[in-house]
Amino acid sequence: GALWVGGIGNSRGTPVEALYTDSACTLTKEGITSLQVHFRHRERLQDSAYDVEAGLAYLHSKGIRSVALIGHSFGGAVVIRVATQISIVRTVITLAAQSLGAEEVIHLKPCCSILLLHGTEDTVVPCGCSQYLHRLAQTRKKLLLCPGADHSFKPLTDIVQQRVQEWICKELNED
């Protein structure tokens with residue numbers, strides 16, 4: 001399964017929202033169920049982590065035993081935090097992740113990989129945040145900087161979508 005979360009604004013109306021929706025449709029054809037979680041209390045890291053944990057519990061109740069967590073901006077910090085605590089998480093993908101609250105990336109289990117994507121023209125969250133998290137991570141990891149892309153990955157959303165889908169299929173099919 002794949003569980004998708006946005007940022008403080010839940011990424012509504014941004015290219016990231018379309019990336020999530022389109023990816024979910026494509027992944028369904030590959031046999032991967034998707035669930036998007038919207039935060040009840042945006043800007044509150046622990047409350048948002050509880051929302052993601054509830055989504056994971058729902059997927060688990062439906063028989064899904066291996067999950068990719070995907071988070072944009074603030075949501076990147078949230079999915080990293082949750083991935084360190086929940087054993088069914090096999091991979092994490094962050095899109096323009098903030099580093100505040102995400103330092104727990106150092107505690108990802110060896111069975112959990114991480115892909116960090118960030119636009120080099122992001123004026124909301126500097127790409128140095130993803131570079132920092134990549135340095136901290138001690139598991140299988142990959143950093144993809146997207147030259148010319150902004151916080152929502154314009155104009156490279158199609159390329160980012162392809163990379164995200166490829167990563168999810170590869171990592172979840174290793175089980």
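What you see is a predicted model, and the numbers here were worked out from it, not measured in a lab.

**Q** Looking at this structure, how should I read the nonpolar core?
**A** Inside soluble globular proteins, nonpolar side chains tend to come together where they are buried. Membership of the largest hydrophobic core comes to 31 residues, with the highest contact counts inside it found for Leu3, Val52, Leu56, Val67, Leu69, Val92 and Ile114. The set of elements that each furnish at least two residues to this core consists of β1 (2-5), α2 (45-61), β3 (67-72), α3 (74-83), β4 (89-95) and β5 (113-119). Per-element accounting of this core gives the leading share, 7 residues, to α3. In this structure, Leu56 is in contact with Leu3, Val67, Leu69, Val82, Ile86, Ile88 and Val89, ignoring residues within four places of it in sequence. If you look at the next biggest cluster of nonpolar residues, it comprises 25 residues, including Val16, Leu115, Leu156 and Cys169.

**Q** Would you take a moment to explain the pairing of β1 for this structure?
**A** Remark: a regular strand shows side chains that alternate across the two faces of the sheet. Residues Ala2 and Trp4 point to one face of β1 and Leu3 and Val5 to the other, with burial holding for every one of them. Pairing geometry for β1 and strand β2 (residues 34-37), over 4 bridges, is parallel. The partner of Leu3 across the bridge, within β2, is Leu35. Note: β1 against β3, 4 bridges, orientation parallel. Bridged to Ala2 within β3 is Ala68.

The rules behind the values
Residues numbered from 1 in each chain as written. Predicted model: local features only at pLDDT ≥ 70, side-chain atom pairs only at ≥ 80, totals over all residues. Heavy atoms only, no water. Core = buried A, V, L, I, M, F, W, Y, C linked by side-chain atoms within 4.5 Å. Buried < 20%, exposed > 50% of the residue type's maximum accessible area, 1.4 Å probe, protein only. Helix = DSSP H or I, 4+ residues; strand = E, 2+ residues; numbered from the N terminus. Contact = heavy atoms within 4.5 Å. Pairing = 2+ DSSP bridges.

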